[in-house]
Structure formats: C-alpha cells, structure tokens
Amino acid sequence: MAPPYVSPLREAQAAQTRLRVLEAAASVFGSSGYSGTSLPAIAAEAGVSLETVKQNGPKAALLLASFDQAFSGVEGDGPLHFRELGAQAAALQGEEMLTFHLGFVAEANARVARLWPRILDAAAGDAEVGRRLEQLQHNRRFDMLSSIREYRSKGLCHSARPDAELADELSFLISPESYTQLVVDAKWSMTRYRAWMLRAVRRLILED
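All values derive from a computational prediction rather than experimental measurement.

Here is what the cut-offs are and how they apply
Residues numbered from 1 in each chain as written. Predicted model: local features only at pLDDT ≥ 70, side-chain atom pairs only at ≥ 80, totals over all residues. Heavy atoms only, no water. Helix = DSSP H or I, 4+ residues; strand = E, 2+ residues; numbered from the N terminus. Buried < 20%, exposed > 50% of the residue type's maximum accessible area, 1.4 Å probe, protein only. Contact = heavy atoms within 4.5 Å. Areas by Shrake-Rupley, 256 points an atom, 1.4 Å probe, with all protein chains shown as cover. Core = buried A, V, L, I, M, F, W, Y, C linked by side-chain atoms within 4.5 Å. Phe/Tyr/Trp six-rings, centres within 6.5 Å; stacked < 30°, edge-to-face > 60°. Axes fitted to C-alpha atoms, helices over the stretch in contact; angles between N-to-C directions. Parallel < 35°, antiparallel > 145°, perpendicular 65-115°, else oblique. Left-handed = near helix turned anticlockwise from the far one by under 90°.

Bringing the overall build of the protein into the picture now. Scanning the protein from terminus to terminus reveals 11 helices and 0 strands. Secondary structure elements of the protein, listed N to C terminal, follow the sequence α-α-α-α-α-α-α-α-α-α-α. In terms of overall dimensions, the protein has C-alpha extents of about 55 × 50 × 30 Å along its principal axes. Relative to its full complement of 208 residues, the protein shows a buried share of 45%. Within the protein, contacts between residues separated by at least 24 positions form 65% of all contacts whose residues are at least 6 apart in sequence. For the protein, the exposed area adds up to about 11,300 Å²; of that, 56% sits on carbon and sulfur atoms.

Pasting the structure below:
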C-alpha cells in the first residue's frame, strides 16, 4: 500500500500558520496573563479562526509552545543541547563559543521577559501547565549541565567544583529573572547586560 501523499506546500502553510498562532499566543499571554487569555483572543491576534487555534493545541500547550518558540527561535522537542543551537555552539571554540552562548541567552531572555512570569503564575493554578513546566525545567537543567561539560571540554572551565553545582549556579545567573531585574527594572542596556553575564560566568563559574 502506497504511503499517503504529503503536500510540501500544505506543510509549509501549516507551519506558517502555527508560527502565527504561537507568536500571537506569546503576545496575548504576555499582556493578559494565563487566566486573562482566551483562545478567541489568540485567534483575533493571529488573524485566524478559532478552530485553527484549537487545532494547534489546548491553552496549556500553547503557553509552553509559545515560550519555546520565543526563547529558541524555532519550536522543537527536548533540550536545546540536542537541537540546532547546540550543534552551532559545539562547532565553536573557546571564547567564541562562550560569547555565542551567552549572547544567544541574553537575546532569548529579552524575548520571553513578559512571558516567563506568566508561566510560573499559571503553573501554580493549572496542573497541566505545572506538568509541562516540570518537563521544561528538566530540559533546562540538562542544558545547563551540558553547557558546563562543553566549557570544560573547550578548556574554558577550570573550577574543581562538581558540574551539577556549577550548572545550578549557571542556571541562576543566566535566567530570565536576571534580565528582568537588570534590564527591565534597573534600565540597563543590552550591551551592559551581556557584558555582565560574561563577567559573572567567567568569575563565578569558570575560574578555579
């Protein structure tokens, strides 16, 4: 039996529609919060039908998928270490890799600054969001530990402390909360924020 025909054009159109839905979801969740966001509001923001939004996932799934899209730039499954970003970073050496990695995170934090608190709030009252957030945090811990191991393999990390401890500290330093406190609240420029991240990671994570 021949496999069903798949139209590349239809797949591309579906991918574009999903991107519009996720970008709209990020905007509406960010401005209205989880409880204040409705699927019709997302549909109106995206310029698509309510049925199209429903086809792209229930509310909890849209919240986490919109975060993943906003943070990484491309929706995907599993830790970032196994995605294209991880391959790009792995191909770089020494300081070039460190600058690329932390520069990416700084820009990603800027994109999710309004969305991240919404996820934390939603997880407190919605079990499905809580479950999805737990998986997201699991992936994040894996990525942080993988970053420490990459730093060691590239000769950047000389600390004798355990990798897991360093990974926890790295996660804290480069979290969306650091962007919010320093850029949004303290009005730092992105240039200053990126420079601070580099200094903090070098001094607190990479040195002996």
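Here we take up the nonpolar core. With 64 residues, the main nonpolar core has Ile-42, Leu-63, Tyr-151, Ile-174 and Val-201 as its most contacted residues. If sequence neighbours within four positions are ignored, Ile-42 has contacts with Val-21, Ala-24, Ala-25, Val-28, Phe-29, Thr-37, Val-53 and Leu-62.

For the structure on display, the rule yields 7 aromatic pairs. The interplanar angle of 75° and the centroid separation of 5.6 Å between the aromatic rings of Tyr-179 and Tyr-193 together place this pair among those described as edge-to-face. Here Tyr-179 is found in helix 10 (residues 176-185), whereas its partner Tyr-193 is found in helix 11 (residues 190-206), with 14 residues between them in sequence. On the accessibility criterion, Tyr-179 (10% relative accessible area) is buried. Feature note: the residues Phe-67, Phe-71, Phe-104 and Trp-116 constitute an aromatic cluster, connected by ring pairs.

It is the contact of helix 6 (residues 94-112) with helix 11, at a shortest axis distance of 10 Å, that shows an interaxial angle of 125°. One element, helix 6, and the other, helix 11, form an angle in the oblique class. Judged by the sense of rotation from one axis to the other, the crossing of helix 6 with helix 11 is right-handed. Contacts between helix 6 and helix 11 pair Glu-95, Leu-98, Thr-99, Leu-102, Gly-103, Val-105, Ala-106, Glu-107, Asn-109 and Ala-110 from the former with Met-190, Tyr-193, Arg-194, Met-197, Leu-198, Val-201, Arg-202 and Leu-206 from the latter.

Take it as geometry only, folks, not as evidence of what the structure does.
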